[in-house]
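A look at the structure
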Amino acid sequence: MLALNHEEAVTSHEATASPSRKPSIVDVLSANKIYADGTEALAPVDLSIAPGEFLTLIGPSGCGKSTLLKLVANLIDPTDGRLQWWRGGFDQVGGEGRRLAFVFQDATLMPWARISSNVSLPLDLAGVPSAQSKPRVAEALKRVGLEGFENRYPRQLSGGMRMRVSIARALVTNPDLLLMDEPFGALDEFTRNRLDSDLLALWWERKLTCVFVTHSIYEAVFLSTRVVVMAARPGRIYRVMEIDEPQPRGEAFRNSARFADLCRQLSAWLADASLPSPVRASP
Amino acid sequence: MKPLMESERFVRLAAPILVGAFLIGGWELACRHWQVPVFLFPKPSDIARSLMNDAPTLLGALWVTMRITFQAFLCAVVLGTLIAFLFVQSRFLEISLFPYAVLLQVTPVVAVAPLIIILVKNTQAALTVCATLVALFPMISNTTIGLRSVDQGLANLFRMNRAGRTATLLRLRIPSALPFFFAGLRISSGLALIGAVVAEFVAGTGGRGSGLAYEILQSGFQLDIPRMFAALFLIAFAGVSLFLLMAWLSKLALGGWHESEVAREA
């Protein structure tokens, strides 16, 4: 986080000059996505992602939340409209590595590589010498509570631990923007709750900006500062919920009446968002 | 100390050896009991004696066959891997060449061998070419499948990290291909031996530098059946050794991570 440009450093401890306006990290400007077969995965969407926020995309299947995330990740191009990343792209990053990290649905680890090599992959690909990457890998693993697992292979770890490795790999580049596509969807609820708490603590501690896709209402309410509810056919933004619950959030928030209210509200919105489509499992 | 019967390693070794000893013992006893003539079906002791007496010739023949096998195997591995890389680099190349690779595979080597022996002047080289033809296809197809079977998520990850072609090849494609490559090695090594022996049969080359197949043919002509069995035993032994060598290599390379080679945990 040390090398942040002062313009984006509004959420950083190192912020020296506080700029008057908060430039957004990503602006989605009327971007839509129509796939080759003609299905409109995403109708034109406008969305600004502010630094330091935890934004969650939630909605029924086919609402384009993954498509929107991939657009933000620059994994796919919009059919029309455009996206703007800080000062025209995240290529010019200098020595401090990339600014964008993506955590997939699966841990997506290289089974042939030890945990340390898996975590250091983004640094290795960027040509960071191992003398520099080693302490960063160790630090990232420590952050996710996996010290001492450097020399294990992915298959020796549980599903939850593999997901932690995946997050460590995302953190090792010191990203400004962390994109996560249903990262804990395949885990049991207990593990998921623990990882949610850890992720939230990490986000708060490191002043990250997160865009998170989930199916879980509880996860969305617990984690987010802003929840974007999306509707399907065509995929579009249906409603936005701001959650100003102070940080750090803990079990107390999970068990509070407010949490239950927010979940009920979000659930109602999701039900509305799902209405037009005839086949739809209840969330 | 725990009883030997509970040791996995001991059972793994002892059980097959016991079966082998039982079979050979039964064979020996049956031949003695019914007094089967040695030119019809020799006793194991006859075969062992023949193996001892003819050791210099037989081992020499084994060496010749193994040399051809290894040369052919090496050619198949190098060629097959190169072709696989070409196929993966260019879809057009694969589409245009793959049918011919299949053609190579489905044409029986026995049928092609005479032609090759006529075309290639040096007999040793001709035999190597025949054996290579047999061993080549598994290397091509396995390595191609391996190089293609890259996890899509990992491929995306590499793309997002702006990995170059070389880095992707070295860090992603080749490691992904290794299990398939080693499976190819196991098949191909056995086929190289089979190809070498079949080609020797067809060529029927005698004199200096003749292989085990020639020894078998000669023993047949001379009704020296124990010697025939001894040569057969050597071929089988060579095949098993090759297989074990490949299995060991595969374990060495994949032992740490691939499901097929990881020791079962209780």
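Preceding this section is the structure that the text describes.
Procedures and definitions
- Residues numbered from 1 in each chain as written.
- Chains lettered and ligands numbered in written order.
- Predicted model: local features only at pLDDT ≥ 70, side-chain atom pairs only at ≥ 80, totals over all residues.
- Heavy atoms only, no water.
- Helix = DSSP H or I, 4+ residues; strand = E, 2+ residues; numbered from the N terminus.
- Buried < 20%, exposed > 50% of the residue type's maximum accessible area, 1.4 Å probe, protein only.
- Contact = heavy atoms within 4.5 Å.
- Areas by Shrake-Rupley, 256 points an atom, 1.4 Å probe, with all protein chains shown as cover.
- Buried area = accessible area lost by both parts, 1.4 Å probe.
- Salt bridge = Lys/Arg side-chain N within 4 Å of Asp/Glu carboxyl O.
- Pairing = 2+ DSSP bridges.
- Axes fitted to C-alpha atoms, helices over the stretch in contact; angles between N-to-C directions.
- Left-handed = near helix turned anticlockwise from the far one by under 90°.
- Nonpolar A, V, L, I, M, F, W, Y, C, P; charged D, E, K, R; others polar.

Before going further, it helps to examine the overall build of chain A. Looking only at helices and strands, chain A has eight helices and nine strands in total. In chain A, which comprises 283 residues, the share counted as buried stands at 51%. Contacts spanning at least 24 positions in sequence make up 70% of the contacts within chain A whose residues lie at least 6 apart. Surface exposure of chain A reaches about 12600 Å², of which carbon and sulfur atoms provide 50%.

Frequently, the measure chosen for interface size is the accessible area that the parts lose on association. The interface of chain A with chain B comprises 20 residues on the first partner and 20 residues on the second. Contact between chain A and chain B buries roughly 1900 Å² in total, counting both sides, with carbon and sulfur atoms accounting for 69%. Interface area lost by chain A to chain B is led by A:W112, A:L125 and A:R155, which between them contribute 39%. The interface formed by chain A and chain B includes one salt bridge.

Attention shifts here to the sheet that holds strand 1 (residues 26-34) of chain A. Residue and element names in this part refer to chain A. Spatial ordering of the open sheet is given by 2-1-4, a layout of three strands whose pairing is antiparallel. Here the strands that pair on one side only, and so sit at the sheet edges, are strand 2 (40-49) and strand 4 (80-85). Sheet twist, expressed as the mean angle between neighbouring strand axes with direction ignored, is 15 degrees. Inspection of the sheet shows strand 1 paired to strand 2 by six bridges, in the antiparallel sense. Across the sheet, the residue bridging to D27 is S48, located in strand 2. Here helix 1 (residues 65-72) sits on the sheet and contacts strand 1, strand 2 and strand 4; the angle it forms with strand 2, its principal contact strand, is near 55 degrees.

Another aspect to go through is the packing of helix 7 (residues 152-160) of chain B against helix 8 (residues 165-203) of chain B. Residue and element names in this part refer to chain B. Running from N to C, helix 7 and helix 8 point in directions that differ by 145 degrees, and their axes come no closer than 11 Å. As helix 7 packs across helix 8, the resulting crossing turns out to be right-handed. On the side of helix 7, the interface is formed by L154, A155 and F158, while helix 8 contributes A167, T168, R171 and L172. Looking at the contact of helix 7 with helix 8 residue by residue, the class counts come to five nonpolar, one polar and one charged.

What follows deals with the environment of A:K33. All names here are of chain A. Within the secondary structure, K33 sits in strand 1. Take K33: its relative accessible area is 13%, and that puts it in the buried class. For K33 and D77, which are 44 residues apart along the polypeptide, the C-alpha to C-alpha distance reads 7.9 Å. Excluding its chain neighbours within four sequence positions, the residues that come into contact with K33 are T39, E40, A41, L42, T67, I76, D77 and T79.

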